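Reading the structure
Listed below are the residues making up each chain.
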Amino acid sequence: MRARTRDQEDYFLARRRLGGLVSSLTYAATTYSAFMMIGLVGLTYSTGVGALGFELLYLVGTLFLLRYYAPRIWELSRKEKIVSPSELISLKHGRNSGRLSAVISLFALIPYTSVQLIGVALLLNRFGVPFHTGIILTGFIVALWGLLGGMRGIAWTDAFQGGIMLFSALALVSWVHLHLGGSLFIGTEEKILEVPNEFWTPVKFISLATPWFFFSLTNPQVLQRVFVPKNKLALGRMIVLFGSFGLVYTVLVTLLGLELRFLTENGVFPKILDRDLVTPTLLGLVPEWLLIAVSLSIVAAAITTANSIVLTLSSMLSRDVLGEKRRVVVGKMGIVGLTIMVMAFASKRPDYIVELAVLSSTILLCQLPSILGTIHLKKTGKHSSIFSMISGFLTSTLMAIYSLNPLGIPYSVWTLLISLSVYLLLLRLER
Amino acid sequence: MVSASDNFNSFSPGGSHGRWLRAIEGLIIVSLMSVPFIVRMKGIGTYFYWVGLALLYLLYSYLEVRRWED
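We now turn to the structure provided with this report.

Cut-offs applied
Residues numbered from 1 in each chain as written. Chains lettered and ligands numbered in written order. Predicted model: local features only at pLDDT ≥ 70, side-chain atom pairs only at ≥ 80, totals over all residues. Heavy atoms only, no water. Helix = DSSP H or I, 4+ residues; strand = E, 2+ residues; numbered from the N terminus. Buried < 20%, exposed > 50% of the residue type's maximum accessible area, 1.4 Å probe, protein only. Contact = heavy atoms within 4.5 Å. 1 Å grid on protein atoms, 1.4 Å probe; cavity = no way out; pocket = protein on both sides within 12 Å on 5 of 7 lines; lining within 4 Å. Points joined across faces, edges and corners; volume = space filled by probe spheres on them. Nonpolar A, V, L, I, M, F, W, Y, C, P; charged D, E, K, R; others polar. Axes fitted to C-alpha atoms, helices over the stretch in contact; angles between N-to-C directions. Parallel < 35°, antiparallel > 145°, perpendicular 65-115°, else oblique.

1. A look at the environment of A:Leu241
Residue and element names in this part refer to chain A. Relative to the helices and strands, Leu241 is located in helix H12 (residues 232–265). With relative accessibility at 35%, the residue Leu241 sits in the partly exposed group. Remark: the alpha-carbon pair of Leu241 and Ser23, spanning 218 residues in sequence, is separated by 9.2 Å. With residues near it in sequence (within four places) discarded, Leu241 still touches Gly20, Leu21 and Ser24.

2. Comments concerning empty space enclosed by the protein
All names here are of chain A. For the structure on display, the rule yields two cavities of 30 Å³ or more. Thr31, Tyr32, Ser33, Phe35, Met36, Glu55, Tyr58, Tyr112, Trp212 and Phe215 together form the lining of the largest cavity. Elements supplying a minimum of two residues to the lining of the largest cavity: helix H3 (34–47) and helix H4 (50–79). Considering only enclosed or pocket space, the second largest cavity measures out at about 50 Å³ in volume. Around the second largest cavity, the lining residues are Pro85, Ser86, Ile89, Ser101, Ser105, Leu217, Thr218, Pro220, Leu223, Met316, Gln367 and Ile371. Elements that contribute at least two residues to the lining of the second largest cavity include exactly helix H5 (86–93), helix H6 (95–125), helix H10 (215–218) and helix H11 (220–223). Here the lining of the second largest cavity is composed, by residue class, of seven nonpolar, five polar and no charged.

3. Details of the packing of H5(A) against helix H14 (residues 288–321) of chain A
Packed helices, taken two at a time, are described by their axes: the angle between them and the distance between them. All names here are of chain A. It is at 10 Å that the axes of H5 and H14 come closest, and there the two elements cross at 25 degrees. The orientation of H5 with respect to H14, classified from their angle, is roughly parallel. Facing Ser86, Glu87 and Ser90 of H5, the residues of H14 in contact are Met316, Arg319 and Asp320. Its residues assigned to classes, the contact of H5 with H14 shows one nonpolar, two polar and three charged.

Structure representation (structure tokens):
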């Protein structure tokens, strides 16, 4: 392994030589995390079918954006030898814009990465492992994985673990249906099968779905995966195979949530108030082989997402913040430091998994105008990028902290509107 | 600020015309995903509507990506 990880392009991008299948599975395993098997199952259980729409809007949004932008980003990354996602922004907006983008990503992705550790720790807690021990254990594995293999190691293990995630979700849904007597939720309360309902109001849907729709462009850990397919054919296969994986996995996960809700209404499954505990409670009822398979898949999903994020963030820390573009050791030190920060955040268990994940993506929305500017515009300005990111970042964090939705418009939409307006206004002035 | 990659924009498929078509496609797909919030569907109709729509869009994406091979 050491002989292979000679430079940063190899360590962070596996020398841009991955085939379509491995690229698609690493994209899927990076995207789909503990958020799905724990967060989304619980969200569907407690709020109904709106959770399916929310997750599928992400999927169609990703297909739409990748089909349009991935070939351009892929080609640009090769032509300009881009390794970290923030270098895309630096390319046309100057080095300070890229540096700022890296710092914002570091800040924003700590809650999302902590989601993965929280998911595994909650699961291990059901088996008697104290929550904080679970956090430390998961953090250790995340760091170790990234340190040993870099992108190549992570991509191949992602591919393997993606298979486990899909198989175990299918096995769990089948088991619930056959052994607990689920009946495809026919007869379930109407309000759970309809939108809008008490939770899924149009405003709530827009609030959660807006950052999700742009996830593929604003989240650096998935954006970086667009750089790695070996040719355009592999890139196209990555998009379609990822879409197929995502659709099947989303259907299975939401089906499970609705089935469990149906079973609760019929007195077969206990009523769960903390939605993040729905899956861990179910795992207390399943046979041992299934318990092991599903637990492994959740741990795999969480770790593949977390180590991919930590690897991407370490590339940004090394190249964009510290300016080290050759040696890998700085990136490796970044992996250790970032993992410790994530463990510290996760140990406080600040919110529900879904809300934490959406918060991260909302903060990252402030980078969207600069990314789109890089792709669409021939002439850009450095101030437009810097101030649009600062204004969007402040909007998202302040509105999230104070729970503000001025004029009834969700804060994710405000973040997008403000950062886009500032970008366009300053761009006009700079020209 | 202009970079060496400015000519990158020159191969935008369909030029500005293609860009507008893409924007319209995005608006259509978002609007279609929002239909259950406007038209109340009974039973598991919403579930199958969303899954069916995503499946169709995946198929459409597959057909379009296949054109990259040409």
